[in-house]
Amino acid sequence: MTTTPPVSQTARSQAGIPAALATIRRNIDALGDLYPDDTTRDGRYLPRPAGDGVGVGGNRGWTTSFWPGMQWLAWELTGDPAYRDAAARHTRDFEDRVRDGIDLDTHDLGFLYTLACVSAWRLEGDEGARNAALLAADHLMHRFLEPAGIIQAWGDLSDPRQAGRTIVDSLMNMPLLTWASEQTGDPRYADAVRRHTTQLREHIIRPDHSTFHTFYWDTVTGEPVRGATEQGAHDDSCWSRGQAWGVYGFALNHRATGDPELLEAAWRCADYFLAHLPADGVPYWDLVYGDDSGAPRDSSSAAIVACGFQELASLEAGTERGARAAEAADRILDSLVAGYAPEPAESSDALLLHGVYDLPKGNGVDEGTLWGDYFYLEALTRRAMPEWRPYW
Ligand code: GLY
């Protein structure tokens, strides 16, 4: 027997969604088929700058798929074909990007092709999108390094500065490989996921359950070498977005592999994250900072971790830990809706204010971010549609 949820629960499940949808609609009208930049500037998204032989507003960098990802979510939430049509045009463009070899020297092919193409395959059975995503998975596999058993994060594989380096964010790139194994029946992709996630579980999580942002392996011997940061405060501090990637990434890879140690890894990251949150549930940009530090928040970390807790709640439904994860997800998401979404919505092009891209480099500090917007909408979608099937 089904029951009608109490009004307050219905209101909670819808909170934040109308404003987010209105902003996406306005941004589609303003940008046409161009891609917004990684972050807002003074609250406004501009078309991304030209570079790497790609013109203004073109498809380069690691964040472009968050924009069609939001459009696919908006379509699922509303059934409005305007969102679907906008997303599908970007899917075609992602086919061109991988076919033409544009800006592919990155592990972020997982973020890019999961949200722009696996989404289109899952929702529409789009064969062109499936082929593009499989091609992207093959490019990603070229980055798998023996004997270390890791996927190198950044740069041309011949670049000595990046040799043997992976980063915690890479956990979110693994679902593309899991999907490729499912689609093709070829176990090589899933083997790479298993080995890479095991290396991260063993080395990128510190004994106190915080995470390094980046970690190096010796490319000749395969031995672990050292942790370091790129976007955090210090090599030995805990970059808050990295910790959030750890929560969601280990949880998703547990779902894919069934490895119980990945579930425990997600919880180690999650408990550390919760223990270092300020009262409103939205972290400072590095978890080394507390109240009175004057440090900026990173709302995008909160949006990512909300999805991570929702995933943990569904993985462990009916248990005490599952209930704790659901409570944490709701508390963090409620805080984002109440205190971090622009009010009125037209006062910014972002769905979520107060994100940080890269504070040490002074890039995108206290701005909206494309990934913060995407994960905020994913968390809202998961709450509004408990049957929602992740693109990951
Ligand atoms: N994946 C890059 C970042 O989180 O900034």
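This text goes with the structure placed above it.
Figured I'd write up the structure that's included with this text. Since we're looking at a predicted model, the values are computed, not measured.

**Some thoughts on the site of the ligand**
Inspection of the region around the ligand gives W62, D169, Q231, W239, R241, W245 and Y357 as its neighbouring residues. At 3.0 Å, a side-chain N or O of W245 approaches an oxygen atom of the ligand. Considered on its own, the ligand offers 200 Å² of accessible surface; in the complex 95% of this is hidden by protein. More than half of the atoms belonging to the ligand lie within 2 Å of the grid points that define the largest pocket. Its residues assigned to classes, the shell around the ligand comprises four nonpolar, one polar and two charged.

**With respect to the side chain of S119**
Here S119 lies in helix α5 (residues 109–124). A polar contact is formed between the side chain of S119 and the side chain of W72, at a distance of 3.3 Å.

**With respect to the side chain of R382**
Note on placement: R382 falls in helix α13 (residues 370–384). With relative accessibility at 12%, the residue R382 sits in the buried group.

**What to know about the layout of surface pockets**
Put simply, the largest pocket is a space of about 610 Å³. Considering the residues around the largest pocket, the lining is formed by 25 residues, among which G61, W62, D108, W154 and Y357 are closest to the centre. Residue classes in the lining of the largest pocket are distributed as five nonpolar, six polar and 14 charged. Taken as a whole, the second largest pocket holds about 460 Å³ of empty space. Lining of the second largest pocket is provided by 20 residues; of these, Q310, R382, R383, A384 and P386 occupy positions nearest its centre. Those elements that provide at least two residues to the lining of the second largest pocket are α1 (7–14), α11 (299–315), α12 (320–339) and α13. When its residues are assigned to classes, the lining of the second largest pocket shows nine nonpolar, five polar and six charged.

**Quick word on the packing of aromatic side chains**
Counting across every chain of the model gives 24 aromatic pairs. Among the aromatic residues, those joined into a ring-pair cluster are W62, F66, F111, W245, Y248, Y357, W371, Y374, F375 and W392. Above the ring of Y83, the side-chain terminus of R25 is found at 5.5 Å from the ring centroid.

**Details of the sheet that holds strand β5 (residues 224–228)**
Read across the open sheet, the three strands follow the order β3-β4-β5; overall the sheet is antiparallel. Taken across any chain shown, the strands that pair with only one partner, and hence form the sheet edges, are β3 (165–167) and β5. When the angles between neighbouring strand axes are averaged without regard to direction, this sheet yields 25°. In terms of strand pairing, β3 meets strand β4 (residues 214–217) through three bridges, oriented antiparallel. In the strand pairing of β4, I167 is matched with T214. Of the strands in this sheet, β3, β4 and β5 touch helix α8 (residues 187–203), which is tilted by about 110° from β4.

Criteria and thresholds
Residues numbered from 1 in each chain as written. Predicted model: local features only at pLDDT ≥ 70, side-chain atom pairs only at ≥ 80, totals over all residues. Heavy atoms only, no water. Near = heavy atom within 4 Å. Polar contact = N/O pair within 3.5 Å; in protein donor to acceptor, adjacent residues only side chain to side chain. Areas by Shrake-Rupley, 256 points an atom, 1.4 Å probe, with all protein chains shown as cover. 1 Å grid on protein atoms, 1.4 Å probe; cavity = no way out; pocket = protein on both sides within 12 Å on 5 of 7 lines; lining within 4 Å. Sits in = over half its atoms within 2 Å of the grid points. Nonpolar A, V, L, I, M, F, W, Y, C, P; charged D, E, K, R; others polar. Helix = DSSP H or I, 4+ residues; strand = E, 2+ residues; numbered from the N terminus. Buried < 20%, exposed > 50% of the residue type's maximum accessible area, 1.4 Å probe, protein only. Points joined across faces, edges and corners; volume = space filled by probe spheres on them. Phe/Tyr/Trp six-rings, centres within 6.5 Å; stacked < 30°, edge-to-face > 60°. Lys NZ or Arg CZ within 6 Å of the ring centre and 35° of its normal. Pairing = 2+ DSSP bridges. Axes fitted to C-alpha atoms, helices over the stretch in contact; angles between N-to-C directions. Contact = heavy atoms within 4.5 Å.

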